[in-house]
Amino acid sequence: QVQLVESGGGLVQAGGSLRLSCAASVRTFSRYAMGWFRQAPGKEREFVACIDWSGGSTYYADSVKGRFTISRDNAKNTVYLQMNSLKAEDTAVYYCAAAPGYYGNNWSQYEYWGQGTQVTVSS
């Protein structure tokens, strides 16, 4: 069983930055690829970014490429999402997720999910 706890969300003005963290309670964290997804009111869950087991490979949605950076620290069982140049359309609840044996943007392949953290960008 993997428990994920996100933090770092909040209210920020357009153009600002936030860093989200996701702490995992599992001894084998380095065996899981990790992803960030988001869901805005009235919209479907959307892939944001993912990172492989070692942190050597990353993949981003086109909408965030060049503005967001995903990283992980396996010694701390934590994955991060640095968000820069935030836009109003980035407003959503952000979820981290863990996938054993899968690395990609398909949310249905992620087995464990956090409770989410709200990010609100004011224009």
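First things first, this report covers the structure right here in the doc. Being a predicted model, the structure only gives us computed values, none of them experimental.

Spatially, 4 strands are ordered E1-E3-E8-E7 in an open sheet, and the strand pairing comes out antiparallel. Every other strand in the sheet has two partners, leaving strand E1 (3–7) and strand E7 (68–73) as the edge strands with one partner each. Across the sheet, the mean angle from the axis of one strand to that of its neighbour is 15 degrees, orientation sign disregarded. Direction of pairing for strand E3 (residues 18–25) relative to strand E8 (residues 78–83): antiparallel, over a ladder of 6 bridges. When the bridges of E8 are listed, cysteine 22 appears paired with valine 79.

Judged by nonpolar contacts, the single largest core of 38 residues is most densely connected at Leu4, Met34, Trp36, Leu81, Met83 and Tyr94. Counting only elements with at least two residues in this core, the list comes to E3, strand E4 (32–39), strand E5 (46–51), E7, E8, strand E9 (92–100) and strand E11 (117–122).

Let's shift gears to unusual backbone geometry. Phi at asparagine 77 takes a positive value of approximately 55 degrees, unusual for a residue other than glycine. Within the secondary structure, asparagine 77 is located in the loop between E7 and E8. Since its relative accessible area comes to 17%, asparagine 77 is described here as buried. Phi at serine 85 is positive, roughly 50 degrees, even though this residue is not glycine.

Moving on, we get to the pairing of E8. Summarising burial for E8: 5 of the 6 residues are buried, a large majority. Taken together, the 6 bridges between E7 and E8 define a ladder with antiparallel strand orientation. Note on E8: the bridge partner recorded for threonine 69 is glutamine 82.

Turning to its location among the elements, arginine 38 is positioned in strand E4. There is a polar contact of 2.9 Å between the side chain of arginine 38 and the side chain of aspartate 90. Here tyrosine 94 takes part through its side chain, which lies 2.9 Å from a polar atom of the side chain of arginine 38. With residues up to four places along the chain from it excluded, the contact list for arginine 38 reads Glu44, Arg45, Glu46, Val48, Ser63, Val64, Phe68, Glu89, Asp90, Ala92, Val93 and Tyr94.

Moving on, we get to the state of the cysteines. This model, assessed by the stated rule, comprises 1 disulfide. Each disulfide pairs two cysteine sulfurs, and for cysteine 22 the partner residue is cysteine 96, the sulfurs being separated by 1.9 Å. Between cysteine 22 and cysteine 96, the S-S torsion sits near 45 degrees, and that sign places the bridge as right-handed. One end of the pair, cysteine 22, is in strand E3; the other, cysteine 96, is in strand E9, and 74 residues separate them in sequence. In this structure cysteine 50 is a free cysteine whose sulfur lies 13 Å from that of cysteine 96, the closest cysteine sulfur available. Exposure remark for cysteine 50: the relative accessible area of 0% places this residue in the buried category.

Rules of the game
In every chain, residue numbers begin from 1 and rise along the written sequence. Totals for whole chains, interfaces and linings use all residues, but because this is a predicted model, local features are given only for residues with pLDDT of at least 70 and pairs of side-chain atoms are given and counted only at 80 or more. Hydrogens and waters are ignored; side-chain quantities use all the structure's heavy atoms. Note: two strands are recorded as paired if DSSP finds a minimum of 2 bridges between them. Helix numbers and strand numbers start at the N terminus; a helix is a DSSP run of H or I with at least 4 residues, a strand a run of E with at least 2. Every axis corresponds to a line fitted to the C-alpha atoms, with the helix fit spanning only the stretch in contact, and the corresponding angles, defined between N-to-C directions, vary from 0 to 180 degrees. The term nonpolar core refers to a set of buried residues drawn from Ala, Val, Leu, Ile, Met, Phe, Trp, Tyr and Cys, joined through side-chain atoms within 4.5 Å. Relative accessibility under 20% of the residue-type maximum defines a buried residue, over 50% an exposed one, and the middle range a partly exposed one, all with a 1.4 Å probe and only protein chains included. Here a polar contact is taken to be a pair of N or O atoms separated by no more than 3.5 Å, where protein atoms must pair a possible hydrogen donor with a possible acceptor and residues adjacent in sequence count only if both atoms sit in side chains. Contact between two residues is taken to exist if any of their heavy atoms lie within 4.5 Å; hydrogens are not considered. In this description, a disulfide is simply a cysteine sulfur pair whose atoms lie within 2.5 Å.

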